[in-house]
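An overview of the molecular structure
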Amino acid sequence: MPLLNSATHYGAVTRGLHWTMALLFLYQYLGANLMTRIGSGKTLWGWTQGDYYNAHKSIGLVLLGLALLRLAWRTLTPLPDWAPTLTPAERAISHWNERWLYGCMILLPVSGYLFVMAGGYGINFFGVYSLPNPIGPREGWAVFARVLHIVTSYAAVVLIAWHVGLGLKRQLFDRDRFLARMMPLRRPGAGE
């Protein structure tokens, strides 16, 4: 599989960033639901509530780095042409959906970072290194950042639902092999 995008398919770098972030975001949503539901002092699959919180914060910072890398890659490398089977309305909505998704990919970890730092919780990066807190406790900032983090996470769910829904609609109902352009480990074939 070529590293760079072609006129018809996404390259290995774009696909790798896309699917790595998709899996990490899925983990973040599942982990967030687990960490807010298990009680203090309890464990689930060998992890305490604190372990889930620490992993959530650490992976959030990794996702911020990947989002910035992905945005740079997106800006510096040409994308494939629009899939010829997309309607003008699907193209327009997808264009704006992508912009809002990039905003969420950056705003979610930034708001999470501001929340935990301003709230005085801190980040012990994967249990190895405690990050310095350049913000210090600021209750108002923490409340604002927490609300922003939650609202952005719900917005991301709606945007991701459109993104996934369009792909599944095109693949399953329109049967135009739309998903072949982005599927991992798939080589472009003739006629795709």
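Predicted model only: the values in this text are computed from it and were never measured.

Further remarks concern the packing of aromatic side chains. Taken as a whole, this structure holds three aromatic pairs when the rule is applied. Ring centres of Phe115 and Tyr121 lie 5.5 Å apart, and the angle between their planes is 55°; on these two criteria the pair is classed as tilted. One Lys or Arg, Arg99, reaches over the ring of Trp96 and ends 5.6 Å from the middle of that ring. It is Arg138 that lies over the ring of Trp141; its NZ or CZ is 4.7 Å from the centre.

Here the focus is helix 3 (residues 88-118). Between the first and last C-alpha of helix 3 there are 44 Å, a value that for 31 residues agrees with the 45 Å anticipated at 1.5 Å per step. Backbone geometry just after helix 3 places Gly120 at a positive phi near 80°.

This part takes up a nonpolar patch on the surface. A surface patch of nonpolar side chains, about 480 Å² in accessible area, is lined by Ile160, Val164, Leu168, Leu172 and Phe173. Tracing the sequence through the fold places Val164 in helix 4 (residues 139-173). Taking the relative accessible area as the measure of exposure, Val164 reaches 42% and is therefore partly exposed.

Glancing now at the packing of helix 1 (residues 12-35) against helix 2 (residues 49-76). Packed helices, taken two at a time, are described by the angle their axes make and the gap between the axes. Contact pair helix 1 / helix 2: the axes reach a minimum separation of 9 Å and the direction vectors enclose 155°. With respect to helix 2, the axis of helix 1 lies roughly antiparallel. The two elements helix 1 and helix 2 cross, and the hand of that crossing is left-handed. Here the contact of helix 1 with helix 2 is composed, by residue class, of 19 nonpolar, seven polar and one charged.

Time to look at the side chain of His149. Considering the arrangement of structural elements, one finds His149 in helix 4. His149 has contacts with His56, Leu108, Ser111 and Gly112, leaving out every residue within four places of it along the chain.

What follows concerns helix 1. For helix 1, which comprises 24 residues, the first-to-last C-alpha distance of 33 Å matches the rise-based estimate of 34 Å (1.5 Å per residue) to within 8%. Where the residues of helix 1 are buried, they touch helix 2, helix 3 and helix 4.

A word on the environment of Ala67. With respect to the secondary-structure elements, Ala67 resides in helix 2. Taking the C-alpha atoms as reference points, Ala67 and Trp45, separated by 22 residues in sequence, lie 29 Å from one another. Residues within four places of Ala67 in sequence aside, it is in contact with Met21, Met105 and Ile106.

Before going further, it helps to spend a moment on unusual backbone geometry. In this model, Phe126 sits at a positive phi of 50°, which is unusual for a non-glycine residue. Mapped onto the elements, Phe126 comes out in the loop between strand 3 (124-125) and strand 4 (129-130). Exposure remark for Phe126: the relative accessible area of 43% places this residue in the partly exposed category. Even without being glycine, Arg175 reaches a positive phi, approximately 50°. Counting through the fold element by element, Arg175 comes out in the segment after helix 4.

Cut-off values and rules
Residues numbered from 1 in each chain as written. Predicted model: local features only at pLDDT ≥ 70, side-chain atom pairs only at ≥ 80, totals over all residues. Heavy atoms only, no water. Phe/Tyr/Trp six-rings, centres within 6.5 Å; stacked < 30°, edge-to-face > 60°. Lys NZ or Arg CZ within 6 Å of the ring centre and 35° of its normal. Helix = DSSP H or I, 4+ residues; strand = E, 2+ residues; numbered from the N terminus. Expected span 1.5 Å × (residues − 1). Patch = residues over 30% accessible without salt bridge, like charges linked within 9 Å, V, L, I, M, F, W, Y side chains within 5 Å. Areas by Shrake-Rupley, 256 points an atom, 1.4 Å probe, with all protein chains shown as cover. Salt bridge = Lys/Arg side-chain N within 4 Å of Asp/Glu carboxyl O. Buried < 20%, exposed > 50% of the residue type's maximum accessible area, 1.4 Å probe, protein only. Axes fitted to C-alpha atoms, helices over the stretch in contact; angles between N-to-C directions. Parallel < 35°, antiparallel > 145°, perpendicular 65-115°, else oblique. Left-handed = near helix turned anticlockwise from the far one by under 90°. Nonpolar A, V, L, I, M, F, W, Y, C, P; charged D, E, K, R; others polar. Contact = heavy atoms within 4.5 Å.

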